[in-house]
Structure formats: C-alpha cells, structure tokens
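# Analysis of the macromolecular model
Below are the chains, spelled out letter by letter.
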Amino acid sequence: MLVVMKIDATETNIKAVVDAAEKRGYVARPIPGGDRVSVGILHNNGSVDTSMFLGFADVKEVIAVTKPYKLVSREVKKENTLVRVGDNIFGDGSLPVIAGPCAIESMEQAIETAKAVKEAGAGLFRGGAFKPRTSPYSFQGLGEEGLKILAKVREETGLPVVTEIMDCENCEMVEEYTDVLQIGTRNMQNYSLLKRAGKSNKPVLLKRGMSATLQEWLMAAEYIMEEGNLNVILCERGIRTFVKHSRNTLDLSVVRAVKKESHLPVIVDPSHAAGVRDQVIPLALAATCVGADGLMIEVHYKPEEARSDGAQSLYPEQFKECISKVKTIHSLI
Ligand code: PEP
Ligand code: MN
C-alpha cells in the first residue's frame, strides 16, 4: 500500500504516518518523488485499513499496490528514478557508458584501457576483481589487488568505477574501493547478497539472471530496495536460449517492459549477450534505439591476451567507433 502525501507535507506529518505504520508492525519506507513524498507500507500480509491513514494530516490519498513488487513498481513512483554516479545520470534520457575489461589483470592493462575508453567517451570504468567463473580452473580475478588497481584508475582518469561483489564476506572491502556495486547474473537470486547490497550506500547495478523472468528480476531489485538502498540500476545482459550463434540472446524488448513496470533505470550489456566481438556494436546500437538508460561494454587494450572474455572484448579503436555511432543514433531518437 502507498500513502501519498500532499506536496507541501511537513517532515513531522510524514514521520507521523511512518510511526503509525511501524506501531502496527508494518515496515514504512518514505519514497521521495518529483514533487511529493509517498510512504510505502510493506510487510502487510493482507490488506491494510486504508481509512486509518486517510485521517492523518497532509495525506493526499492512499493507493493499494496490486503488483507483487512494491518499491520498484511504477504504481508506487511515477517519475523515473535517477541514479547519479559522478557526472553520470542513469534514467534522465542520457546514455552513460560503462566500459572496461572483463577482469582487472594488471596496472598497465587497467590504466591503458581506462585512458582509451575515457578518450572515446565512456563515463565509467568497469573491471572485475572477483570473477564468477564457470570453471574453478579459470582466472578468478586479482581480489583486493584488483580493487586497488581500480582505485588507481579512478585517481588517474577521474572515472568512477564499477566492480562485482560475489559474496557478503568481501562486500565491505569492495565498498571501500568502488563507486558502484555490480551483482552478476549468477547471483541475481542470492538473497543474502541482495540484502547486504541493500544496506550499502553505493548504487547497485543488478544484472538480470540468465534465466530470470521480468518479475523475478524486479523482485530481486525489491530485496535491495526493501533494505533501504533505492539506487538500483537494472542491466539486461542476455538470457539463455537454444541458439548457438551467440553466447546468450539479448532480450531488447525487456527494456520497454521494465520501463512500463518500474521507475528504475535499465541499461544493456551487449558484450555478455553476444559473446563475440562482431555482434557488439550492432547490439549496442539496437539497445540505444529501444531506449536503454546506458550501456555496459567490455573493452580490452589487447583482447587477444585477455584472461577472460577476450573474444567479446572490443579493441579500443572499435569502441571509439561504437561510441560515435551510438551518439549519432541517440541524438536522432
Ligand atoms: C561481467 O560483467 O563481467 C559478468 C561476469 O557479467 P554477467 O554476470 O552478466 O555474466
Ligand atoms: Mn565478462
């Protein structure tokens, strides 16, 4: 249920609604909107007596939320959520690009790649320090050393950095170094990790599980928001289908579906969907056309030497071409 406050509602009167809900055993979460605050009433098993809240000062209306997800739902918040990271804004119609290698491998690799992607127009740098690999024999990432390299990249280039958290134990360490916490496809339904990310003050980039429905994905975002972290960016990265011509199948229609159901920004990662370099630029352009709120693209200064995902990583020159084409398409639409 959603208690919509009047435009000029006072802090005291908003707090009175929160206190009343909590006194009855519910969880109340104030949700700042464009011009007014609403209070989401959660953990109500069954319907809540709406008339109770209507009697409170500065309450405009009380709306029943019919979706299984609450805080992520457009029913609860009509305006797009804007997630700010440095100079980048996700959700305002601009198209921030996150670029960098799959994994951080060395200082030279990270710095050289970061300089190249910055020059081409990327607004954020990415790179995994803890890598979720299918095989335990594959490169698992440099761990804390990789995080330190990311911090150095930020210092040298000014680009905010994005890296993955794989488990709750090292979350605090990752938070110290990164600007955005990424939760990967394999962990989309790791509920303890989602709850931990929900307690963080860093924005969370939540990738779609490789077989997740839209509802499962939004429910995963709900876990993060329910813990109090409202800065969630969704990321479509391809789902598993029967095809063999690409690593995954990029589900572009989900961008429109997310926007209908949720106020959260949704970006697209064509690299993990494609798995092969030659599909990445066309898919990035297609994602721009369907209204993605940003892109995440793997770039490596020497892809043939990459320790993970080299086949899908763009050469810096190709990334430059990609950004230039993306900008043209974006300005047209
Ligand atoms: C990644 O971004 O490097 C990654 C592992 O992505 P995904 O979780 O989408 O496979
Ligand atoms: Mn990768």
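Everything quoted here is computed from the prediction, not taken from an experiment.

We now examine the overall build of the protein. Within the protein one finds 11 helices and 14 strands. Computed over the C-alpha atoms, the radius of gyration of the protein is 21 Å, within 12% of the 20 Å expected from 2.2 N^0.38 for a compact globule of 333 residues. For the protein, the spread of C-alpha atoms along the principal axes amounts to about 65 × 45 × 40 Å. Each of the 333 residues in the protein was classed as buried or not, and the buried ones make up 54%. When contacts within the protein are restricted to residue pairs at least 6 apart in sequence, long-range pairs at least 24 apart make up 69% of them. Across the protein, 41 positive and 43 negative side-chain charges occur, with their mean positions spaced 3 Å apart.

Taken domain by domain, the protein comprises domain 1 (2–63) and domain 2 (83–332). Opposite the 6 residues of domain 1 that make contact, domain 2 presents 5 residues. In total, about 330 Å² of surface goes out of reach between domain 1 and domain 2, with carbon and sulfur atoms giving 51% of it. Here domain 1 and domain 2 share 0 salt bridges between them. One can count 1 residue pair in polar contact (both at pLDDT 80 or more) joining domain 1 with domain 2. In terms of residue class, the side of domain 1 that touches domain 2 is built from 4 nonpolar, 1 polar and 1 charged.

Further remarks concern the side chain of T113. Relative to the helices and strands, T113 is located in helix α3 (residues 107–120). Other than its neighbours up to four places away in sequence, T113 contacts G100, P101, E108, F125, V299, H300 and Y301.

Octahedral metal centres with six donors ideally show angles of 90 or 180 degrees, and tetrahedral centres with four donors ideally show 109.5 degrees. The manganese ion (ligand 2) binds to the protein through C102 (SG), H272 (NE2), E298 (OE) and D309 (OD); the donor distances cover 2.1 to 2.3 Å. Written as a sequence motif, the donor arrangement for the manganese ion (ligand 2) is C-x169-H-x25-E-x10-D. Placement of C102 in the loop between β7 (97–100) and α3 and of H272 in helix α9 (residues 270–274) is noted, with a sequence separation of 170 residues between them. An identical accessibility class is assigned to C102 and H272; each is buried.

Glancing now at the environment of A99. Note that A99 resides in strand β7. Residues A99 and K15 lie 84 residues apart in sequence; the distance between their C-alpha atoms is 42 Å. Apart from the residues within four sequence positions on either side, A99 is in contact with V117, A122, L124, F125, R126, I297, V299 and F319.

Where a protein is soluble and globular, its nonpolar side chains tend to be buried together. Counting 74 residues, the largest nonpolar core has F125, I183, L206, L234, L295, I297 and F319 as the members making the most contacts within it. The element that contributes the greatest number of residues to this core is helix α7 (residues 214–226), accounting for 6 residues. Each of two domains, domain 1 (2–63) and domain 2 (83–332), supplies a minimum of three residues to this core. In this structure, M1, A28, V59 and V62 belong to the second largest nonpolar core, which totals 18 residues.

Quick look at the site of ligand 1 now. Near ligand 1 you find C102, R126, K131, E164, Q182, G184, T185, R186, K207, R237, H272 and E298, and these make up its full shell. The contact in question runs from an oxygen atom of ligand 1 to an N or O atom on the side chain of Q182, over 2.9 Å. In this structure, R237 approaches ligand 1 through a side-chain N or O atom, which is 2.6 Å from an oxygen atom. Protein chains shield 98% of the accessible area of ligand 1, which is 290 Å² for the free molecule.

The rules behind each value
Residues numbered from 1 in each chain as written. Chains lettered and ligands numbered in written order. Predicted model: local features only at pLDDT ≥ 70, side-chain atom pairs only at ≥ 80, totals over all residues. Heavy atoms only, no water. Helix = DSSP H or I, 4+ residues; strand = E, 2+ residues; numbered from the N terminus. Rg over C-alpha atoms; globule rule 2.2 N^0.38 Å. Buried < 20%, exposed > 50% of the residue type's maximum accessible area, 1.4 Å probe, protein only. Contact = heavy atoms within 4.5 Å. Lys, Arg positive; Asp, Glu negative; His and termini not counted. Charge placed at Lys NZ, Arg CZ, Asp CG, Glu CD. Domains from an automatic or database assignment. Buried area = accessible area lost by both parts, 1.4 Å probe. Salt bridge = Lys/Arg side-chain N within 4 Å of Asp/Glu carboxyl O. Polar contact = N/O pair within 3.5 Å; in protein donor to acceptor, adjacent residues only side chain to side chain. Nonpolar A, V, L, I, M, F, W, Y, C, P; charged D, E, K, R; others polar. Donors = N, O, S within 2.8 Å, 3.2 Å for Na, K, Ca; no water. Core = buried A, V, L, I, M, F, W, Y, C linked by side-chain atoms within 4.5 Å. Near = heavy atom within 4 Å. Areas by Shrake-Rupley, 256 points an atom, 1.4 Å probe, with all protein chains shown as cover.

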